[in-house]
Amino acid sequence: MARTAGRLGLHVFTYNSYQSLIRGGHTWLKLRISEDKVDNHGDRLNVLIALNQDSIERHAPEVEPGGSIIFNSAKLSCDSSLVREGVTLLPLPIPELTKDMGRLLPVMQNTVTLGALLHLIGFDVEITKALLSDTFRHKGPQIIEQNTNVLGAGHEYAAGQAQPLKGLDWNFTHKRRPLVNGNQMIALGAVAAGCKLFSAYPMSPATSILHWLAAHSEKVGMLVKQAEDELAVVNIAIGAGHAGVRAMCATSGGGFALMTEAIGMAAMLETPVVIVNVMRGGPSTGLPTKTEQGDLNQAFGASQGDYPRMIVAPQNALDCYNTTVEAFNIAEKYQLPVIVLSDLLLAEHRSTIDPEAISADVPIDRGEWATELTPQNSQQGRFRRYALTDSGVSPRARPGAPGLMHVSGTDDHDETGVLISDEHTNTAIRRKMHEKRMKKMDAVLRDLPAPELEGPADAEVTLVGWGSTWSVLQEAAAKLTADGLKTNQLQFKYLYPFHTKEAQQILGACKRAIVVENNYTGQFERHLRAESGVTIADHIRRYDGEPIEPTWLVERVRAVVAGEPEDLQVTEAEAREMGYHYVRLYQKDKTRPGKVERLEGGEWGEPVWNVEIIGRAELEPQGNLVIGRDTGSILAWQPREAGIEAAQ
């Protein structure tokens, strides 16, 4: 479906919500299609394709009036009480539609529902048939014919049963747009930048960088190494950088924790390396398949002591490509580690890009190199690998270059690499060598574009964010402005070194600022205050594993402006989700949440939600689940004969 939209010249963003297990659990994918560029999945639902009963129960209430629900009527049903007024049902008798097509795999029901969806939203079914032919070419003409036939069956049946959705007057340009995700673009950026070694240990959500580069390694001329653990991963990459090739490694927070000592080693050896941390919910194993901006503090605290490095957080899939190229240039020009902070939202969720936006002809800056021993780079016949220079950058040499042999130790050292901390620590050399390394940071900062305000200059509210929240802040600001509350946005991409002066000037002129981030403690807000002295009183934070959505953010901005205190009580939707967790755990999914009632007081010591639990098949009440609105605790399970009234 997404690729069909891309071939028609539309823009797409997909959000895939899946669980941390090989098979099973509640899994869903949301597809947003627009004539304009979109970089988040929004928060509206017009069509639901339900492939199991659980999906109908959970998502049918979200479908907006004028929308539709598609499902296999031979296996599934939709309780009318779940459906809003104005939503139409499109049940597909899939066995009947495909009975004359021979033996079909059960998975082909997906293609039948896809055909129905194409009719509802007014897409050309022939475009999708061509895509199916491309996709299944390697499986032969029989599989292609089966898929195109069942697609046509779904499309034809839907055309006879339902009208297309209103208001979808598409402007099809037929400009082909590729569908990519952030991990792919990081991998492509590494290829364009001339990376010759990539090392990794599989850890979601960074693993698909490894998958893509391994699949294309011979074609692009890159050595891809899956190591035994993240300790080996980062040391392999640093070793390759020391040997003179561009090298990168990737992991998530848990793996990054194992890399931290080696990152400091790269800084001490003045060896370039690019390290990608694709953040997920933490701490520890945390939420392996959910997003969070929770590793900023970890990136600042990687290794001990003070050392030069760059920390950068790309803003969208295309920016992942450009940022990776830039990371290699900064790493080699200034001989330091660069940490790229992506997250699961950027890494795995696909969006369309304009093909001309990706250029293989990217700038390459490999920094200063020494190729022979000269009077200027030697001391008593020894190569001054760590020469004390005005810029802080010392020309480096490839190991084995004639006349340029030198020591690279993790102890601090003099200009030729001789250690200064063995028999007697030389404080004077230590001071000047430390200053030499750190003075690189001033030059790095000059190379990085400063943040700029986006939106109306006279805004009443400024939304401040970093990294992947860029798109949702932009959309929320536009919504608020359109509704009468002028709002602009200040997004930070470069986190270290930090544009202190620019942050002070911009935020000092803002009327009211709100920091928005995907973590609990406000890690960027604290960093902003530490680096600039700017204190922002208001903040909006999300830390439940899901990304920030535009309308969700708009509502919270309005609450902040109105001075309303943050409400941390369990919402009705959250109580329902807790009910699903309970029935999965204790009732083997034979029941589901029904009506949810809000009750005050009583014997529980806090206001509660009374969640009715009903049978999945017969829809008869089975009992009540009592959930504390303050604590979120499951306070009681009351079988049908007890009832919450008797308990109170």
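Residues numbered from 1 in each chain as written. Predicted model: local features only at pLDDT ≥ 70, side-chain atom pairs only at ≥ 80, totals over all residues. Heavy atoms only, no water.

**Quick look at the domain arrangement of the protein**
One widely used convention gives an interface's size as the accessible area the parts lose upon coming together. Let me state the cut-off plainly: By convention here, the domain bounds are inherited from an automatic or database domain assignment.
Considered domain by domain, the protein is made up of domain 1 (2–161), domain 2 (179–357), domain 3 (369–447), domain 4 (453–561) and domain 5 (572–639). Centre-to-centre, using C-alpha coordinates, domain 1 lies 61 Å away from domain 3.

**So, unusual backbone geometry**
If a residue is not glycine, its phi is most likely negative; likewise, a peptide bond is most likely trans. For clarity, the threshold we go by: Only runs of H or I of at least four residues qualify as helices and only runs of E of at least two qualify as strands under DSSP, and these elements are numbered from the N terminus.
Following serine 204, the chain continues into proline 205 via a peptide bond in cis, with omega recorded as 5°. Checked against the element boundaries, proline 205 lands in the loop between β7 (197–200) and α8 (207–220). Look at the link from glycine 282 to proline 283: it is a cis peptide, with omega at 0°. Looking at where proline 283 falls in the secondary structure, it is placed in the loop between β10 (273–279) and α11 (296–300). Non-glycine residue glutamine 380 carries a positive phi angle of around 50°.

**Description of helix α16 (residues 470–482)**
Heads up, the condition is: Here a helix's expected span is defined as the number of its residues, less one, multiplied by 1.5 Å. Categorising residues by exposure relies on relative accessible area from a 1.4 Å probe, with only protein chains included: less than 20% of the type maximum marks a residue as buried, more than 50% marks it as exposed, and the intermediate range marks it as partly exposed. Pairs of residues are marked as contacts when any of their non-hydrogen atoms sit within 4.5 Å.
Counted at 1.5 Å a residue, the expected span for α16 with its 13 residues is 18 Å, and the 18 Å between its end C-alpha atoms agrees. What α16 keeps buried is the set Trp470, Ser471, Val472, Leu473, Glu475, Ala476, Ala477 and Leu480. Packed against the buried residues of α16 are β2 (28–34), β16 (453–454), β17 (461–466), β18 (487–492), β20 (513–517) and α19 (550–561). Of the residues flanking the end of α16, it is glycine 484, one or two places downstream, whose phi is positive at about 110°.

**Considering the packing of aromatic side chains**
The condition that has to hold: Classification of ring pairs uses Phe, Tyr and Trp, with its six-membered ring standing for Trp, and accepts pairs whose centres are within 6.5 Å; under 30 degrees between planes counts as stacked, over 60 as edge-to-face, and the remaining range as tilted.
According to the stated counting rule, one finds 11 aromatic pairs in the structure shown. Between phenylalanine 492 and phenylalanine 524, the aromatic rings sit 5.2 Å apart at their centres with planes inclined by 45°, giving tilted as the arrangement. Of the two residues, phenylalanine 492 is situated in strand β18 and phenylalanine 524 in helix α18 (residues 523–532); the sequence distance between them amounts to 32 residues. Neither residue differs from the other here; phenylalanine 492 and phenylalanine 524 are each classed as buried. Look at tyrosine 582 and tyrosine 586: their rings are 4.8 Å apart centre to centre, the planes differ by 50°, and that puts the pair in the tilted class. In this pair, tyrosine 582 and tyrosine 586 both sit in helix α20 (residues 572–586), 4 residues apart, roughly one turn of the helix.

**Examining the packing of helix α14 (residues 427–438) against helix α15 (residues 440–447)**
Put simply, the test is: Between N-to-C directions, angles cover 0 to 180 degrees, with each direction set by a line fitted to C-alpha atoms, over the stretch in contact for helices. Roughly parallel means an angle under 35 degrees; roughly antiparallel, over 145; roughly perpendicular, 65 to 115; everything else is oblique.
At a closest axis distance of 5 Å, the pairing of α14 and α15 adopts a crossing angle of 5°. It follows from the interaxial angle that α14 and α15 lie roughly parallel. In this structure, α14 uses Lys436, Arg437 and Met438 to contact α15, whose residues at the interface are Lys440, Met441 and Asp442.

**A closer look at the sheet that holds strand β4 (residues 68–72)**
Inclusion rule: A pair of strands is considered paired only if DSSP assigns at least 2 bridges between the two.
Pairing within the open sheet is parallel, and its 3 strands lie in the order β3-β4-β5. Of all strands in the sheet, those bounded by a partner on one side alone are β3 (47–50) and β5 (88–92). Here the average twist between neighbouring strands, direction ignored, is 15°. One ladder, built from 5 bridges, connects β4 with β5; its direction is parallel. For phenylalanine 71, the partnering residue across the bridge sits in β5 and is proline 91. Against the sheet, helix α4 (residues 109–121) touches β3, β4 and β5, its axis set at about 155° to β4.

**Quick look at the environment of arginine 512**
Along the polypeptide, arginine 512 turns up in the loop between α17 (500–508) and β20. Look at arginine 512 and you get partly exposed, because its relative accessible area is 28%. Between the C-alpha atom of arginine 512 and that of aspartate 538, which follows or precedes it by 26 residues, the distance is 8.5 Å. Here arginine 512 is in contact with Glu460, Val461, Thr462, Asp538, Val560 and Val561, once residues within four sequence places are set aside.

**Focus on a nonpolar patch on the surface**
For the record, the criterion: To count toward a patch, a residue needs a relative accessible area over 30% and no salt bridge; like charges are then connected within 9 Å, while nonpolar side chains (Val, Leu, Ile, Met, Phe, Trp, Tyr) are connected within 5 Å. Methods summary: accessible areas were calculated by the Shrake-Rupley approach with a probe of 1.4 Å, and residue burial reflects only the protein chains presented. Think of a salt bridge as a Lys or Arg side-chain nitrogen and an Asp or Glu carboxyl oxygen that are within 4 Å of each other.
Residues Tyr520, Tyr543 and Leu568 make up a contiguous nonpolar surface patch of about 360 Å² in total accessible area. One can find tyrosine 520 in the loop between β20 and α18.

**Regarding the environment of serine 532**
Just so we agree on the cut-off: Pairing of N or O atoms within 3.5 Å defines a polar contact, subject to two protein rules: one partner must be a possible hydrogen donor and the other a possible acceptor, and residues neighboring in sequence count only if both atoms are side-chain atoms.
For serine 532, the location among the structural elements is in helix α18. You can call serine 532 buried: its relative accessible area is 8%. Residues serine 532 and glutamate 270, spaced 262 residues apart in sequence, show a C-alpha to C-alpha distance of 28 Å. Excluding residues that lie within four positions of it along the chain, serine 532 makes contacts with Thr500, Ala503 and Gln504. Here leucine 528 takes part through its backbone oxygen, which lies 2.6 Å from a polar atom of the side chain of serine 532. Within the structure, the side chain of serine 532 is placed 3.1 Å from the backbone nitrogen of valine 534, a separation counted as a polar contact.

**Some thoughts on the packing of α17 against α18**
Each pair of packed helices gets described by two things: the angle between the helix axes and the distance between those axes. Following both chains from N to C, one finds α17 and α18 inclined at 105°, their axes separated by 9 Å at the closest point. By the angle between their axes, α17 is roughly perpendicular relative to α18. Residue-level inspection shows Thr500, Ala503, Gln504 and Leu507 of α17 in contact with α18, the latter providing Leu528, Glu531 and Ser532.

**Notes on the pairing of strand β21 (residues 538–541)**
Using the following cut-off: The crossover handedness rule: strands pointing away from the viewer, path from first strand over the helix to second strand clockwise, crossover right-handed.
Of the strand pairs in this sheet, β20 and β21 are connected by 4 bridges, and their pairing is parallel. Note on β21: the bridge partner recorded for isoleucine 514 is aspartate 538. The parallel pair β20 and β21 is bridged by α18, and the resulting crossover is right-handed.

**What to know about the sheet that holds strand β23 (residues 608–615)**
In space, the 4 strands of this open sheet follow the order β22-β23-β24-β25, with antiparallel pairing throughout. The open sheet has two free edges, formed respectively by β22 (591–599) and β25 (634–639), since each of these has just one partner strand. Averaged over all pairs of adjacent strands, the angle between their axes in this sheet comes to 20°, without regard to strand direction. Where strand β24 (residues 621–628) meets β25, 5 bridges bridge the pair, whose relative direction is antiparallel. Bridging across to β25, isoleucine 627 finds its partner in isoleucine 634.

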